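Letter by letter, the chains look like this.
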Amino acid sequence: MALTKQTITDKIETVAVLDHYVLQCRERISVMEDGSELSASFHRYTLQPDSDVSTISDPVVLAQFNAVMTQEVKDNYQTFLASQGTE
Amino acid sequence: MSVLQVNTINEVTSANGVTIDGLSLKDGNVVPAVGKGIDFSAASGSASGSSSALLDDYEEGTWTPTGTNVANTSVGKYIKIGSMIHIQGWIIASASASTGNTFGGLPFSADSVGNALGGGSTMFQNADTHHRQYGLLVSGTGFSMYDGDSLATLGNGKQIHFQISYKAT
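### Thoughts on helix 1 (residues 59-68) of chain A
In an α-helix, one full turn covers 3.6 residues, which means residues spaced three or four apart are oriented alike.
Residues and elements named next belong to chain A.
Phase 1 of the analysis: Listing the buried residues of helix 1 in full gives Val61, Phe65 and Val68. The arc that holds every buried residue of helix 1, seen down its axis, measures 80 degrees, which confines them to one face. Structural note: helix 1 exposes Pro59, Val60, Asn66 and Ala67 on the side pointing more than 90 degrees away from its buried face.
Phase 2 of the analysis: Contact partners of the buried residues in helix 1: strand 1 (3-17), strand 2 (20-33), strand 3 (36-47) and helix 2 (71-83).
Phase 3 of the analysis: Taking the backbone nitrogen of Val60 as reference, a side-chain oxygen 2.8 Å away marks Asp58 as the first, capping residue of helix 1.

### Overview of the pairing of strand 2 (residues 23-26) of chain B
All names here are of chain B.
Phase 1 of the analysis: Pairing geometry for strand 1 (residues 18-20) and strand 2, over three bridges, is antiparallel. Among the inter-strand pairings, Ile20 is bridged to a residue of strand 2, identified as Leu23.
Phase 2 of the analysis: The turn linking strand 1 back onto strand 2 is made up of two residues, and Asp21 within it adopts a positive phi angle of 50 degrees.
Phase 3 of the analysis: In this structure, the hairpin formed by strand 2 and strand 3 (residues 29-31) is closed by a connection of two residues, where Asp27 is found at a positive phi of approximately 50 degrees.

### What to know about the nonpolar core
Residue and element names in this part refer to chain B.
Phase 1 of the analysis: Ile87, Ile91, Phe143, Met145, Phe162, Ile164 and Tyr166 are the most contacted members of the largest nonpolar core, which totals 24 residues.
Phase 2 of the analysis: Mapped by element, the contributors of at least two residues to this core are strand 8 (84-92), strand 11 (135-139), strand 12 (142-147) and strand 14 (159-167).
Phase 3 of the analysis: Sorting elements by how many residues they give to this core places strand 14 first, with four residues.

### Section: the side chain of A:Asn76
Residues and elements named next belong to chain A.
Phase 1 of the analysis: Among the secondary structure elements, Asn76 is positioned in helix 2.
Phase 2 of the analysis: One polar contact links the side chain of Asn76 to the main-chain carbonyl oxygen of Asp19, over a distance of 3.0 Å.
Phase 3 of the analysis: In this view, Asn76 contacts Asp19 and His20; residues no more than four positions away in its chain are not counted.

### Some thoughts on the environment of B:Val31
Phase 1 of the analysis: For B:Val31, the location among the structural elements is in strand 3.
Phase 2 of the analysis: Separated by 13 residues in sequence, B:Val31 and B:Val18 place their C-alpha atoms 9.8 Å apart.

### Examining the confidence of the model for chain A
Phase 1 of the analysis: Averaged over all residues, the pLDDT of chain A is 92; the fraction at 70 or higher stands at 97%.
Phase 2 of the analysis: Here helix 2 of chain A is the element of chain A with the lowest mean pLDDT, 92, and helix 1 of chain A is the one with the highest, 97.

### Thoughts on the layout of surface pockets
To locate leftover empty space, one rolls a probe as large as a water molecule over the atoms.
Phase 1 of the analysis: The space that makes up the largest pocket amounts to roughly 1000 Å³.
Phase 2 of the analysis: Taken together, 46 residues line the largest pocket, and the ones lying closest to its centre are A:Gln48, B:Thr66, B:Gly104, B:Gly105 and B:Thr141.
Phase 3 of the analysis: Elements that contribute at least two residues to the lining of the largest pocket include exactly strand 1, strand 2, strand 3 and helix 2 of chain A together with strand 9 (102-103), strand 11 and strand 12 of chain B.
Phase 4 of the analysis: For the lining of the largest pocket, the leading source of residues is strand 3 of chain A, giving five residues.
Phase 5 of the analysis: Class assignment for the residues of the lining of the largest pocket results in 16 nonpolar, 25 polar and five charged.
Phase 6 of the analysis: Around the second largest pocket, the lining is made up of 31 residues, and of these B:Asp56, B:Asp57, B:Tyr58, B:Lys80 and B:Gly82 lie nearest the centre.
Phase 7 of the analysis: Of all the elements in the fold, those that place two or more residues in the lining of the second largest pocket are strand 1 and strand 2 of chain A together with strand 5 (54-55) and strand 6 (58-63) of chain B.
Phase 8 of the analysis: Considering every element that reaches the lining of the second largest pocket, the biggest residue donor is strand 1 of chain A, with three residues.
Phase 9 of the analysis: Looking at side-chain class alone, the lining of the second largest pocket contains twelve nonpolar, nine polar and ten charged residues.

What counts and how
- All chains use their own residue numbering, which begins from 1 and follows the written sequence.
- The order in which chains are written sets their letters, starting at A; the order in which ligands are written sets their numbers, starting at 1.
- Local features are withheld for residues below a pLDDT of 70 in this predicted model, meaning they are given only at 70 or higher, and side-chain atom pairs are given and counted only at 80 or more; totals for whole chains, interfaces and linings count all residues.
- As a rule here, side-chain values cover all heavy atoms of the structure and leave hydrogens and water aside.
- When a residue's accessible area, from a 1.4 Å probe over protein chains only, is under 20% of the maximum for its type it is buried; when over 50% it is exposed; and in between it is partly exposed.
- The helix count covers DSSP runs of H or I at least four residues long, the strand count covers runs of E at least two residues long, and both are numbered beginning at the N terminus.
- As used here, the arc is the angular range of directions from the helix axis to the C-beta atoms.
- We call two residues in contact when some of their heavy atoms are within 4.5 Å.
- We call two N or O atoms a polar contact when they sit within 3.5 Å, provided that within protein one can donate a hydrogen and the other can accept it, with sequence-adjacent residues counted only if both atoms are side-chain atoms.
- The criterion for strand pairing is that DSSP finds at least two bridges linking the strands in question.
- Nonpolar cores were defined as sets of buried Ala, Val, Leu, Ile, Met, Phe, Trp, Tyr and Cys residues, with membership established by side-chain atoms within 4.5 Å.
- Confidence per residue, as judged by the predictor, is encoded in pLDDT with a range of 0 to 100.
- Here a cavity denotes a set of grid points, spaced 1 Å apart and computed over the protein atoms alone, in which a 1.4 Å probe fits but from which it cannot get out, and a pocket denotes an open set meeting protein on both sides within 12 Å along at least five of seven lines; residues with an atom within 4 Å of a point are reported as lining.
- Grid points are joined across faces, edges and corners, and a volume is the space filled by probe spheres set on the points.
- Side-chain classes follow a simple rule in which Ala, Val, Leu, Ile, Met, Phe, Trp, Tyr, Cys and Pro form the nonpolar group, Asp, Glu, Lys and Arg form the charged group, and the remainder, Gly included, forms the polar group.

Set out below in structure tokens:
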């Protein structure tokens, strides 16, 4: 009858925004009892090319980030940011 | 045309549900396959000029607002209906420092192509002794807070409650 909390990244989406990319990550947070899921909820976060990933522990998310966020993508993102004006 | 008339169709194998032409019915729920949903293209007036008539997604969850000096007790929730994102949240500036005027952490990247930034919202804060209303402008995975034409800053220990709607990429 032990209750445990389990968090897994169940979706990693690579979304193109003009000429750079954003990773949209979804975590499924489950409350388990003896291996059976009692309840679950989703938590989402996004990673931009300049995101600090030092606190990301999921190796799959890190691998996806490093594969997608090439120097060219990071440069494109900085160009994109510089082009964004305020209203 | 043959007509099949039955009162009840039950799954043969528990947990598999029943599938009819790719559409699954399981435990009282309609379970569309990936990329499928409710197709409104034949509905009168809905498809003409629309870039999509397929309602193919629904999701609820939480997200975490980020930004300079945003307290880690800040929280956010989201609902995704098709490509429309509705979020609500509560941001608290740290007790010792103001936040900036731009926040991040949105659960989905906004469709900002063509400068159609989306956003727009209502909110209030207790930055002063009274509640004030500000505007929020979405861009990418973040948003900025405006007081009229100018960017506004959230003061030390102050907080905002807000809601935003935007279209996902």
